[in-house]
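# Structure at a glance
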Amino acid sequence: MVLLGLLAALWLLGYAAACAADPFGSCRRCKGHGKTLKPNGRVKRWCRRCDGTGLRLRLGRRLYNYLRRLHHAGAR
């Protein structure tokens, strides 16, 4: 049980470091391309989820931004 807790803590620290180093991940809907393609390879439309950038904020970074805003609003 202790080993499981240590592994979870290690994974959490690694994920926090990944979110700090690279806060953006690939958009899952368009697979990071920023657009959806027709079978002939032409652009069907730009991805609405990522606004055509192909990037989305990671879940951990969104959580960090929310907690930082909450702390900042409470410290005023």
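Now for a quick tour of the structure. As the structure is a computational prediction, the values presented were derived from the model and not from experiment. Starting afresh in each chain, residues are numbered from 1 along the sequence in its written order. Residues qualify for local features only when their pLDDT is at least 70, as the model is predicted, and side-chain atom pairs are given and counted only at 80 or more; totals for whole chains, interfaces and linings, by contrast, use all residues. Only hydrogens and water are removed before side-chain values are computed, so all heavy atoms of the structure are retained for them.

### Focus on the overall build of the protein chain
Here a helix means four or more residues in a row that DSSP labels H or I, a strand means two or more in a row labelled E, and each is numbered from the N terminus. In terms of regular secondary structure, the protein chain is built from two helices and four strands. Secondary structure elements in the protein chain, listed N-terminal to C-terminal, are α-β-β-β-β-α. Seen through its principal axes, the protein chain has C-alpha atoms that stretch 55 × 40 × 20 Å. Residue burial in the protein chain is summarised as follows: out of 76 residues, 14% are buried. Contact between two residues is taken to exist if any of their heavy atoms lie within 4.5 Å; hydrogens are not considered. Of all intrachain contacts in the protein chain linking residues separated by at least 6 positions in sequence, the fraction that spans at least 24 positions is 46%. With an accessible surface of roughly 6,600 Å², the protein chain has 61% of that area assigned to carbon and sulfur atoms. Accessible area is worked out with a 1.4 Å probe on protein chains only. A residue is then buried under 20% of its type maximum, exposed over 50%, and partly exposed in between. Here, Shrake-Rupley sampling with a 1.4 Å probe gives the accessible areas, and only protein chains in the shown set may cover a residue.

### Observations concerning helix 1 (residues 2-21)
Any helix carries an expected span of 1.5 Å times its number of residues minus one. Its 20 residues give helix 1 an end-to-end C-alpha distance of 29 Å, which sits within 8% of 28 Å, the value for a rise of 1.5 Å per residue. Judged by how many residues are buried, helix 1 sits mostly at the surface: one of 20 residues are covered.

### Some thoughts on the environment of Lys35
Structurally, Lys35 can be placed in strand 2 (residues 35-37). Taking the C-alpha atoms as reference points, Lys35 and Trp46, 11 residues apart in sequence, are found 4.1 Å from one another. Every residue in contact with Lys35, bar those within four places of it in the chain, is listed here: Cys30, Val43, Arg45, Trp46 and Cys47.

### Re unusual backbone geometry
Its identity as a non-glycine residue notwithstanding, Lys31 has a phi of 60°, on the positive side. Here Lys31 is to be found in the loop between strand 1 (24-26) and strand 2.

### Side note on the pairing of strand 3 (residues 43-46)
Only strands that DSSP links by at least two bridges are regarded as paired with each other. In this sheet, strand 3 lies alongside strand 2 in antiparallel orientation, the contact comprising three bridges. Within strand 3, the residue paired with Leu37 across the bridge is Val43. Between strand 2 and strand 3, which pair antiparallel in sequence order, lie five residues; one of them, Gly41, sits at a positive phi of approximately 95°.

### With respect to the packing of helix 1 against helix 2 (residues 59-74)
Axis angles are defined between N-to-C directions and span 0 to 180 degrees, where every axis is a line fitted to C-alpha atoms and, for a helix, only to the segment in contact. Put simply, helix 1 and helix 2 touch, their axes get as near as 9 Å, and they point 80° apart. With respect to helix 2, the element helix 1 is oriented roughly perpendicular. Contact residues: Tyr15, Cys19 and Ala20 in helix 1; Leu59, Gly60 and Arg61 in helix 2. Polar here means any residue other than Ala, Val, Leu, Ile, Met, Phe, Trp, Tyr, Cys and Pro, which are nonpolar, and Asp, Glu, Lys and Arg, which are charged; Gly is therefore polar. Of the residues that constitute the contact of helix 1 with helix 2, the class distribution is four nonpolar, one polar and one charged. Angle categories: roughly parallel below 35 degrees, roughly antiparallel above 145, roughly perpendicular from 65 to 115, and oblique for all the rest.

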